[in-house]
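The chain contents come next:
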Amino acid sequence: MNVDVNAIFQIAGIGIIIAMIHTVLKQMGKEDMAHWVTLIGFVVVLFMVVRLLDRLFEQIKSIFLFQ
Amino acid sequence: MLKLAGALLLVGAGTMLGWMHAGRLADRPAQIRRLVRMLGQLETEIAYGYTPLPEALARIGRQPGDPLADLFHEAADRLAKEEAAVTETWRLALESVWGRTALKNGEKEIMLTLGNTLGASDREDQIRHLRLAAKQLETLEPEAAEEQRKYEKMWKSLGLLGGALVAVILY
Amino acid sequence: MDILQIVALGFMVTILSLVLKEQKPLFAFLLTTFAGLVIFLMLLDHIRFVVRTLENLADQTGVNTAYLKIILKIIGIAYIAELGAQTVRDAGQEAMAAKIELAGKMLIIVMAVPIIAVIVETVLNLLPA
């Protein structure tokens, strides 16, 4: 449980920092690289979410007796 | 506790990387100006001192530690040791020193072209080419200053943010 | 898992999500979804406890375990469909949410059909021929 709560703040931190990097890069004029960075960050976070979703569904399946 | 120290270290390292990159951008206009001055010194040596090329180069390259001075010093060294053509020696010296300067390809092209005429033609011609190279470098300087102004702060922030990002991911 | 901790977590996630929403609404949605899933995970242990208790009670009263299994599965489908529809609705995709709910309803009916069949048979058997 504690690991998950840390993960929540991790995602929030990553989101904020990526938003800032996006802004800085956009001001430098390298807007396409900004979009790449955002996309990579999104993929990383997506991986984390999907992993959690998998864990959740495993548990639900075991509780409600194997859908 | 240890994790926090590690994270701070990462952020610090990222910030330092950003600062160093910004420093290179800041160095470039100053180095261009100094290079122009040194070419002027070379011109003076050749025009009024009637000094042979290797000696002139060695004299200018005397200040230690400065990568630009090292260029002249290196060229003088190689000329004294190997009997290769001046153009080739100049090019080799350029290649070996360039990594330590903050200058970019534009300047390198100008210096390479200069190497083609150094020691290959008569005094008047060499002076003309030296002046030409100096003028070309001068035109590059405002562009370098502009680039510095635009990107210096950006690289500093980018370094900090990048370090913070890696720290958060490896949390 | 204390209700206070869950509520506190919910508050903080909401604030962070609002901050992110201005810059990158995509990340805000991911953050909220993730937090919602984490809270749900925290509750699962309690749900498991309730379900096991229901199973034991059903065993004791002698109800056919097959029926109990069907009921549990229906409850599970309802939970998951609700979770999915709410999350998707949160992202603004109302159409998608409606589809998920529709799918949930269909699947529940499909599961319930055997029980309905048994009820109808029983009633028919009770009626005089």
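Please refer to the structure placed before this passage.
These lines cover the structure that appears in this document, whether it is placed above or below. (Residues numbered from 1 in each chain as written. Chains lettered and ligands numbered in written order. Predicted model: local features only at pLDDT ≥ 70, side-chain atom pairs only at ≥ 80, totals over all residues.)

Examining the overall build of chain A
Of the regular secondary structure elements, chain A holds two helices and zero strands. For 67 residues, the compact-globule estimate of 2.2 N^0.38 gives 11 Å, and chain A exceeds it by more than 25% at 17 Å. Counting only C-alpha atoms, chain A reaches 55 × 25 × 10 Å along its principal axes. Within chain A, buried positions represent 27% of all 67 residues. (Helix = DSSP H or I, 4+ residues; strand = E, 2+ residues; numbered from the N terminus. Rg over C-alpha atoms; globule rule 2.2 N^0.38 Å. Buried ≥ 20, exposed ≤ 12 C-beta atoms within 10 Å, placed from the backbone.)

Examining the overall build of chain B
Helix and strand counts for chain B come out as six helices and zero strands. Reading the secondary structure of chain B in the N-to-C direction produces α-α-α-α-α-α. Compactness check: chain B gives a C-alpha radius of gyration of 20 Å against a globular reference of 16 Å for 171 residues, more than 25% above the reference. Seen through its C-alpha atoms, chain B measures out along the principal axes to roughly 70 × 35 × 20 Å. For chain B, the proportion of its 171 residues judged to be buried stands at 32%. Across chain B, every contact between residues at least 6 apart in sequence was considered, and the portion connecting residues at least 24 apart equals 69%. (Contact = placed C-beta atoms within 7 Å.)

Brief notes about the interface of chain A and chain C
Taken together, the contacts link 25 residues of chain A with 30 residues of chain C. For the side of chain A that touches chain C, the secondary structure elements donating two or more residues are helix H1 (2–28) and helix H2 (31–63) of chain A. Of the residues forming the side of chain A that touches chain C, the biggest block, 12 residues, is contributed by H2(A). Within the side of chain A that touches chain C, the residues separate by chemical class into 20 nonpolar, four polar and one charged. (Nonpolar A, V, L, I, M, F, W, Y, C, P; charged D, E, K, R; others polar.)

Looking at the interface of chain B and chain A
Counting residues at the interface gives 10 residues for chain B, matched by 10 residues for chain A. Per-class residue counts for the side of chain B that touches chain A are nine nonpolar, one polar and no charged.

Here we look at the nonpolar core
Within the largest apolar cluster, 33 residues are counted, with the highest numbers of intra-cluster contacts made by Ile11(A), Ile17(A), Leu161(B), Ala164(B), Leu31(C) and Phe34(C). If you list the elements that add at least two residues to this core, you get H1 of chain A, helix H1 (2–49) and helix H6 (123–169) of chain B together with helix H1 (3–23) and helix H2 (25–61) of chain C. Ranked by residues supplied to this core, first place goes to H1(A) with 11 residues. Counting residues in each nonpolar core, the second largest holds 27 residues, with Leu35(B), Met38(B), Leu42(B) and Ala133(B) among its members. (Core = buried A, V, L, I, M, F, W, Y, C linked by C-beta atoms within 7 Å.)

Details of the packing of H1(C) against H2(C)
Residue and element names in this part refer to chain C. Interhelical geometry of H1 versus H2 gives an angle of 170 degrees and a closest axis separation of 8 Å. With respect to H2, the axis of H1 lies roughly antiparallel. Residues Ile6, Leu9, Val13, Leu16, Ser17, Leu20 and Lys21 of H1 lie in contact with H2, whose contacting residues are Pro25, Phe27, Ala28, Leu31, Thr32, Ala35, Ile39 and Met42. Grouping the amino acids of the contact of H1 with H2 by side-chain chemistry returns 12 nonpolar, two polar and one charged. (Axes fitted to C-alpha atoms, helices over the stretch in contact; angles between N-to-C directions. Parallel < 35°, antiparallel > 145°, perpendicular 65-115°, else oblique.)

Things to note about the packing of helix H3 (residues 67–81) of chain B against helix H4 (residues 86–98) of chain B
Residue and element names in this part refer to chain B. It is at 9 Å that the axes of H3 and H4 come closest, and there the two elements cross at 140 degrees. Viewed along their axes, H3 and H4 adopt a mutual orientation that is oblique. Classified by chirality, the crossing of H4 by H3 is right-handed. Contact residues: Pro67, Asp70, Leu71, Glu74, Ala75, Arg78 and Leu79 in H3; Val86, Thr89, Trp90, Leu92, Ala93, Leu94, Ser96 and Val97 in H4. Grouping the constituent residues of the contact of H3 with H4 by class yields 10 nonpolar, two polar and three charged. (Left-handed = near helix turned anticlockwise from the far one by under 90°.)

Remarks on the environment of Thr14(C)
Along the chain, Thr14(C) falls in helix H1. Thr14(C) sits 28 residues away from Met42(C) along the chain, and the two C-alpha atoms are 18 Å apart.

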